[in-house]
Amino acid sequence: MSEIEVGRNILEANQTMADRFRRQFAAQGVKVLNLISSPGAGKTSILEQTLRRLDGRLSCAVIEGDIQTDEDAQRVAACGVPAVQIQTQGACHLDGPMISEALEALDLGSLDLLIIENVGNLVCPVDFDLGEDMKVAVLSVTEGDDKPSKYPALFRAAGVLLVNKIDLLPYIDCGLERIHDTCRALNPKQKVFDISCRTGEGLKDWVAWLESWVRG
Amino acid sequence: MHELSIAQSLLGIVLQEAARHGVSRVTKVAVKIGALASVVPSSLTFSFDLIKEGTVAAEAVLEIEQVPAMGVCHACGAEMDMSALVAACPACGSKDIELSSGQELYVDHIEAE
C-alpha cells in the first residue's frame, strides 16, 4: 500500500485550455465576455439590443451555446455580426473543447469584442473558465429577488450584473433593492445595470460602459 | 448537473497518476471539494462508481473531504464563515472581505498497491 500525493485541479484540462485562450485573446487584442443566466432571462435579447446600439462602432462576434437549435445564432446574425452556434447536445455548460472548435470559425485579429452566450443555467457554467476577461450575469426580475442568495457562485463571480425586464416590476413581487443588496454583499466591485430590452430603459448606460471597457 | 463530466476528469487524473507510478490497483481516491464549488458529493460518487469499472481504479473508494466556505477581512484580518451571505466583517464592519476557501476542487492523494 502506498500513498501518492496528487494535488491536481480536477478541472485542470479545461483550465489549461482557458489559460491558452486568454493568452490568445490578449495577443489578438480582443476583449471577451462570458454571458450567463437562467434560460429565458433575456441573454439573446440583450445581445440583439447591445449589438444594434453599438451600431458597428466595435467589431464584434458572438459564440452561442445552446443545448439544441441554431435559432439564437440566427437572431444574432440578423444584427450583422458573425455568430457561431455550439449545440451541446445535452451538456449543461460550455467548456474548453467546445470553445476551441468555435474559435476556428472566427478571425480573432479583426475583433474588438467577443461575447460568449453560455447555455441557460445558473449553476454549471460558473465552474468552467472559458478564458473570458469577465463574466456577465443576467437576472430577470420575474425569476425572483431571492436568486442571488440561492445561487451565489455566479453573482459572486460576475464583474457585471444586468437586471433585465424591469418594465415588469409594477406587476410582480420582486424587490429590486434586495437584488442590489445581495449582489453588493457577494461582490462589492460588481457593476450593476437595471435594464429592459422591451422598453430600452438602462441600455444606453450599459452600452456606453461596455464600449469604454472594451476600449480601455 | 455536471458531476459526470467532473467524474470523467477525475478518473482521467487518477489513471494518469496510477500509470506514472506504475501501480496496478488504486484503493482510494481522496478529493477536496469546497462548499461553494457547486458539486454534489453523492452525485460525484455515483458518477465515479459508474465509470471506474474496468480500470485500475475499479475498486477505489472515493473519499470526499468538504472544505468549508471561509472568508478573511482585509481590514482587521478576522476570519469568518462564508457559507451564508456575509455583507460585512462581523468583527470590524468592513466590507473589504474575500473568500479564502470554499471553491476547491482537486485530487489530494490516491492510495494504491
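All figures in this text were calculated on a predicted structure; none of them were measured in a lab. (Residues numbered from 1 in each chain as written. Chains lettered and ligands numbered in written order. Predicted model: local features only at pLDDT ≥ 70, side-chain atom pairs only at ≥ 80, totals over all residues.)

Peer 1: Quick question: what am I supposed to make of the overall build of chain B here?
Peer 2: Summing up its helical and strand segments, chain B has two helices and six strands in all. Listing the helices and strands of chain B from first to last along the sequence gives α-β-α-β-β-β-β-β. Taking 2.2 N^0.38 as the reference for a compact globule, 113 residues should give roughly 13 Å; the C-alpha atoms of chain B span a radius of gyration of 18 Å, well beyond that estimate. For chain B, the spread of C-alpha atoms along the principal axes amounts to about 55 × 30 × 15 Å. In chain B, which comprises 113 residues, the share counted as buried stands at 33%. Here the analysis covers contacts within chain B between residues at least 6 apart in sequence; of these, 71% occur between residues at least 24 apart. (Helix = DSSP H or I, 4+ residues; strand = E, 2+ residues; numbered from the N terminus. Rg over C-alpha atoms; globule rule 2.2 N^0.38 Å. Buried ≥ 20, exposed ≤ 12 C-beta atoms within 10 Å, placed from the backbone. Contact = placed C-beta atoms within 7 Å.)

Peer 1: Hey, could you run me through the sheet that holds strand β1 (residues 26–34) of chain B in this one?
Peer 2: Each strand in a sheet pairs with another by means of backbone hydrogen bonds, the pair being arranged parallel or else antiparallel. Spatial ordering of the open sheet is given by β1(A)-β6(B)-β1(B)-β2(B), a layout of four strands whose pairing is mixed. One side of each edge strand has no neighbouring strand; the edge strands of this open sheet are β1 (2–9) of chain A together with β2 (61–67) of chain B. Along the sheet, successive strands turn relative to each other by an average axial angle of 20°, direction set aside. Relative to strand β6 (residues 105–112) of chain B, β1 of chain B runs antiparallel, the two being bridged by seven bridges. Paired with K32 of chain B across the bridge in β6 of chain B is Y106 of chain B. Strands in contact with helix α1 (residues 3–20) of chain B are β1 of chain A together with β1 and β6 of chain B; relative to β6 of chain B, the strand with the most contacts, it is inclined by about 40°. (Pairing = 2+ DSSP bridges. Axes fitted to C-alpha atoms, helices over the stretch in contact; angles between N-to-C directions.)

Peer 1: Can you help me understand the nonpolar core in this one?
Peer 2: One broad rule of soluble globular proteins: the nonpolar side chains tend to lie buried together. Within the largest apolar cluster, 58 residues are counted, with the highest numbers of intra-cluster contacts made by V62, L114, I115, I116, A137 and L162 of chain A. In terms of nonpolar packing, the next biggest core, distinct from the first, is built from 27 residues, I10 of chain A together with L11, M82 and A112 of chain B among them. (Core = buried A, V, L, I, M, F, W, Y, C linked by C-beta atoms within 7 Å.)

Peer 1: How do you make sense of the pairing of β2 of chain B when you look at a structure like this?
Peer 2: A regular strand places its side chains on the two faces of the sheet in alternate fashion. Residue and element names in this part refer to chain B. As paired strands, β1 and β2 are joined by seven bridges and run parallel to one another. By the bridge assignment, K28 is partnered in β2 with V61. After leaving β1, the chain enters helix α2 (residues 41–51) and then returns to the sheet as β2, a path that is right-handed. (Right-handed = clockwise from strand over helix to strand, strands pointing away.)

Peer 1: How do you make sense of helix α7 (residues 176–186) of chain A when you look at a structure like this?
Peer 2: Each α-helix turn comprises 3.6 residues. Residues three or four places apart therefore point the same way. Residues and elements named next belong to chain A. Within the sequence span of α7, burial applies to I179, T182, C183 and L186. Seen from one end, α7 has its buried residues packed into an arc of 95°, which puts them on one side. Close packing links the buried residues of α7 with β6 (134–140), α5 (147–150), α6 (152–157), β7 (160–164) and β8 (191–194). (Arc of directions from axis to C-beta.)

Peer 1: Can you help me understand the packing of helix α1 (residues 12–28) of chain A against helix α4 (residues 96–103) of chain A in this one?
Peer 2: Two quantities define a packed helix pair, namely the angle between the helix axes and the distance between the axes. All names here are of chain A. Across the interface, α1 lies against α4 with an axial gap of 9 Å and an inter-helix angle of 35°. Taking contact as the criterion, the partners of N14, M17, A18 and F21 in α1 are, on α4, G96, I99 and S100. Looking at the contact of α1 with α4, its residues break down into four nonpolar, three polar and no charged. (Nonpolar A, V, L, I, M, F, W, Y, C, P; charged D, E, K, R; others polar.)

Peer 1: Would you mind showing me how to read the interface of chain A and chain B here?
Peer 2: Size of an interface, as often reported, equals the accessible area lost when the parts are brought together. With 25 residues of chain A at the contact, the number on the chain B side is 24 residues. Counting residues per element, the ones that place at least two in the side of chain A that touches chain B are β1, α6 and α7 of chain A. In terms of residue count, β1 of chain A provides more of the side of chain A that touches chain B than any other element does, eight residues in total. In terms of residue class, the side of chain A that touches chain B is made up of 15 nonpolar, six polar and four charged. By the bridge criterion, six bridges tie β1 of chain A to β6 of chain B in an arrangement that is antiparallel. Each bridged residue has a counterpart across the sheet, and for N9 of chain A the counterpart in β6 of chain B is Y106 of chain B.

Peer 1: How should I be thinking about α4 of chain A in this particular structure?
Peer 2: All names here are of chain A. Residues G96, M98, I99 and A102 constitute the buried set of α4. The arc enclosing the buried residues of α4, seen along the axis, measures out at 160°, which places them on a common side. Exposed and facing more than 90 degrees away from the buried side of α4 are P97 and E101. Buried residues in α4 make contact with α1, β3 (60–66) and β4 (83–87).

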